[in-house]
Amino acid sequence: MSVSQYFSADYAEARRKFLDAAQTAGARVEHHENPERGPDGEALFADVAWLGPQAPRCVLLTISGTHGAEGFCGSGVQVGWLESGLHKELPADTASLQIHAVNPHGFAWIRRVTEDNVDLNRNFVDHAAPHPDNPGYRDLAEILCPPEWNDSVIAETEAQLAAYGEREGGHALQKAISGGQYSHPDGIFYGGREDTWSRRTLLEILGRIPPSAEQVAIIDYHTGLGPRGYGERICAHLPDSGALKRAEQWYDGDMTCPSLGTSSACELNGVNLQGMERALSRVAVTGIALEYGTLPTRLVRQALRADNWLNAHGDLGSPKGRAIKAQIREAFYQDADDWKQMVWDRAIETQRLALRGMAES
Ligand SMILES: [Zn+2]
């Protein structure tokens, strides 16, 4: 079977392939049903596959679809790892926990966000405390998400965003847009005002990690940032933390850290890694987001803005709606053999390094 065949054309196919591969591999499987439905009225699930001992010392945790539409990538890796038999490389004291489509609504509807228009990777803040403020986003909110969406609006607003970048700097522009905001529920990169279903589900699944576990390596699969096909290991652990030092060691320095300014990602509010770390405080957690490039940043951003407009104002079934769905899919999934091969090679290398790192820790 070629690598490309591990990847799927839509959520339903991805789910079917994952469950078939998990069953063939002899995994213990759980399903968590999302309260909403997919575009064809189908039920939506985050699915979980466990392999390995019941009382492991180490756990390799992989996650796909944190940002729904990015699920094509991580799903392909998870399916391939099961189908190819690579899961047999698990050491005797190590279990594998694969969470497939943790945000199934976003995956099925090809949106980056959850059913509540929330960016799951900005949702892990303490919602009882005051929410982080993002004044840059407030400045740009109307420009980013205009009520009309056509060529002249796109040209005009892109020019305004470019002017902001010239004035404030590229980093300030990136942080304003993608750092996470809690003031505009209909906007992009909205972190929400309460725990999403996906957050609750993820933490519930983590609660089943057996007390025997001492080490958990997390690889959360993402797309849409950086050079096409390149997989950047983005580590959101705090500077000077033991976790960051472990990640540097395991990946031999081939990783980046937003808070050290070495990553193509800026520092973000409410990332899931820090939420998972809090939930697993008794365990040594070493996590990365493995982030693959697709299209240039400007086009990814434009696709996100278009999709946000479509959700708020447009008609999904119209030619314009269908064109926007194709645009957003391409922004997060390059349906091409060379891209899938690059995704696969880097993913397998990374998973092997994580397994070796835990074995030696
Ligand atoms: Zn992402």
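Residues numbered from 1 in each chain as written. Predicted model: local features only at pLDDT ≥ 70, side-chain atom pairs only at ≥ 80, totals over all residues.

Novice: I would appreciate a short explanation of helix α7 (residues 197-206) in the present structure.
Specialist: Each full turn of the α-helix corresponds to 3.6 residues, which orients residues three or four apart in the same direction. Extensive coverage of α7 is indicated by the burial of 7 of its 10 residues. Taken together, the buried positions of α7 are Trp197, Ser198, Arg199, Thr201, Leu202, Ile205 and Leu206. The secondary structure elements touched by the buried residues of α7 are β1 (28-37), β2 (43-51), β4 (94-100) and α9 (272-279). (Buried ≥ 20, exposed ≤ 12 C-beta atoms within 10 Å, placed from the backbone. Helix = DSSP H or I, 4+ residues; strand = E, 2+ residues; numbered from the N terminus. Contact = placed C-beta atoms within 7 Å.)

Novice: Would you explain the domain arrangement of the protein chain in this entry?
Specialist: Domain parsing of the protein chain yields domain 1 (3-124 + 198-296 + 328-360) and domain 2 (135-187 + 299-318). A C-alpha centroid distance of 27 Å is found between domain 1 and domain 2. When its residues are assigned to classes, the side of domain 1 that touches domain 2 shows 6 nonpolar, 5 polar and 5 charged. (Domains from an automatic or database assignment. Nonpolar A, V, L, I, M, F, W, Y, C, P; charged D, E, K, R; others polar.)

Novice: I tried to follow the pairing of β1 on my own but got confused; where do I start?
Specialist: Remember that side chains alternate between the two faces of the sheet whenever the strand is regular. Of the pairings in the sheet, the one linking β1 to β2 comprises 7 bridges and is antiparallel in character. Each residue of the ladder has a partner; that of Glu33, found in β2, is Phe45. Connecting β1 to the antiparallel partner β2 that follows it, the hairpin turn spans 5 residues, and Gly41 within it adopts a positive phi of roughly 80°. (Pairing = 2+ DSSP bridges.)

Novice: I would appreciate a short explanation of the packing of helix α4 (residues 135-144) against helix α6 (residues 170-178) in the present structure.
Specialist: Relative placement of two packed helices is described by the angle separating their axes and the distance separating the axes. Contact geometry for α4 and α6: axes closest at 8 Å, N-to-C directions at 75°. Regarding the angle of α4 to α6, the classification is roughly perpendicular. Between α4, through Gly136, Tyr137, Asp139, Leu140 and Leu144, and α6, the contact on the second element is made entirely by Ala172, Lys175, Ala176 and Ile177. Residues of the contact of α4 with α6, tallied by class, amount to 6 nonpolar, 1 polar and 2 charged. (Axes fitted to C-alpha atoms, helices over the stretch in contact; angles between N-to-C directions. Parallel < 35°, antiparallel > 145°, perpendicular 65-115°, else oblique.)

Novice: Explanation requested: the environment of Glu349 in the structure shown.
Specialist: One can find Glu349 in helix α12 (residues 337-360). Taking C-alpha positions, Glu349 is 9.7 Å from Tyr251, a pair spaced 98 residues apart along the chain.

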